[in-house]
Amino acid sequence: MNSKTHKSSMAGPAGALEIAIDLPAGPSRGFAVIAHPHPLFGGTLDNKVVQTLARAFVQSGWTAVRFNFRGVGGSAGSHDEGRGELDDFLAVVQHVAPAGEGQAALALAGFSFGAFVTTHAFERLHAQRSIEKLVLIGTSVSRAPAAPVDAAAHTKTLVVHGEQDDTVLLPDVMDWARPQALPVTVVPGAGHFFHGQLPLLKNLVIRHLASPAV
């Protein structure tokens, strides 16, 4: 993402996982773990939306942690239709911000397939520890059904979707959000990858991160 991006690897459930860490200019508010889109359709930690999320978190004072799911880039293993990818996500969280006394603040984010995995990671972790912020962009809800978001966490959750997304249709996202009464921020005219709208997307995320945690 920039000259200060530190790439390394860690032990994951299926072998090594490639991770990239970006630090804020000042003291860190905590760790934001960010998941990339579908591995079988070119998704990597260098995806432009994922990088935009990382920049938004870093600018807001968070340490941004991106990683490649199993079988992508320098990560070992092979695609597991979300099951193993959830294990990968949870392993990264445990690596950078382990639970326990004095645990660091934690935020979760994802794009497309990565947002689907993020919802399931949030569902798993929410009962165990505080998650300060949840950011879901272009969330996959049909081919890979996203988990519902606990109503108590709605005020710390940002869901953004493009009006003209032809990969994950907006009506499908609304069908997922409606029973939960979960707000969805719709970007007019935007497609799945937010071409030409990434600065707006970044600003929406920064504004959300600036809102008080409740």
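Residues numbered from 1 in each chain as written. Predicted model: local features only at pLDDT ≥ 70, side-chain atom pairs only at ≥ 80, totals over all residues. Heavy atoms only, no water.

## Here's the deal with the environment of Val 135
So the rule is basically this: Secondary structure follows DSSP: runs of H or I at least 4 residues long count as helices, runs of E at least 2 residues long count as strands, and numbering of each begins at the N terminus. Here a residue-residue contact requires only that any non-hydrogen atoms of the pair lie within 4.5 Å.
Structurally, Val 135 is set in strand β6 (residues 133-137). Along the chain, Val 135 and Ala 107 lie 28 residues apart, while their C-alpha atoms are 8.1 Å from each other. When neighbours within four sequence positions are excluded, Val 135 is seen to be in contact with Leu 53, Phe 57, Leu 108, Ala 109, Gly 110, Leu 158, Val 205 and His 208.

## Notes on the side chain of His 161
The condition is simple: Counting of polar contacts relies on pairs of N or O atoms within 3.5 Å, with two restrictions inside protein: one atom must be capable of donating a hydrogen and the other of accepting it, and residues adjacent in sequence are counted only when both atoms are side-chain atoms.
With respect to the helices and strands, His 161 occurs in strand β7 (residues 157-162). At 2.7 Å, the side chain of His 161 and the backbone oxygen of Val 168 are in polar contact. When neighbours within four sequence positions are excluded, His 161 is seen to be in contact with Gly 138, Thr 139, Val 168, Leu 169, Leu 170, Val 173, Val 184, Thr 185, Val 186, Val 187 and Phe 194.

## So, helix α4 (residues 170-177)
Worth spelling out the cut-off: For every residue, the accessible area (1.4 Å probe, protein chains only) is compared with the maximum for its type, and the residue is labelled buried under 20%, exposed over 50%, or partly exposed between those bounds. Directions pointing from the helix axis toward each C-beta atom define the arc.
Taken together, the buried positions of α4 are Leu 170, Val 173, Trp 176 and Ala 177. The buried residues of α4 occupy an angular sector of 115° when the element is viewed end-on, so they sit on one face. Tucked inside the fold, the buried residues of α4 contact α3 (113-126), β6, β7 and β8 (185-187).

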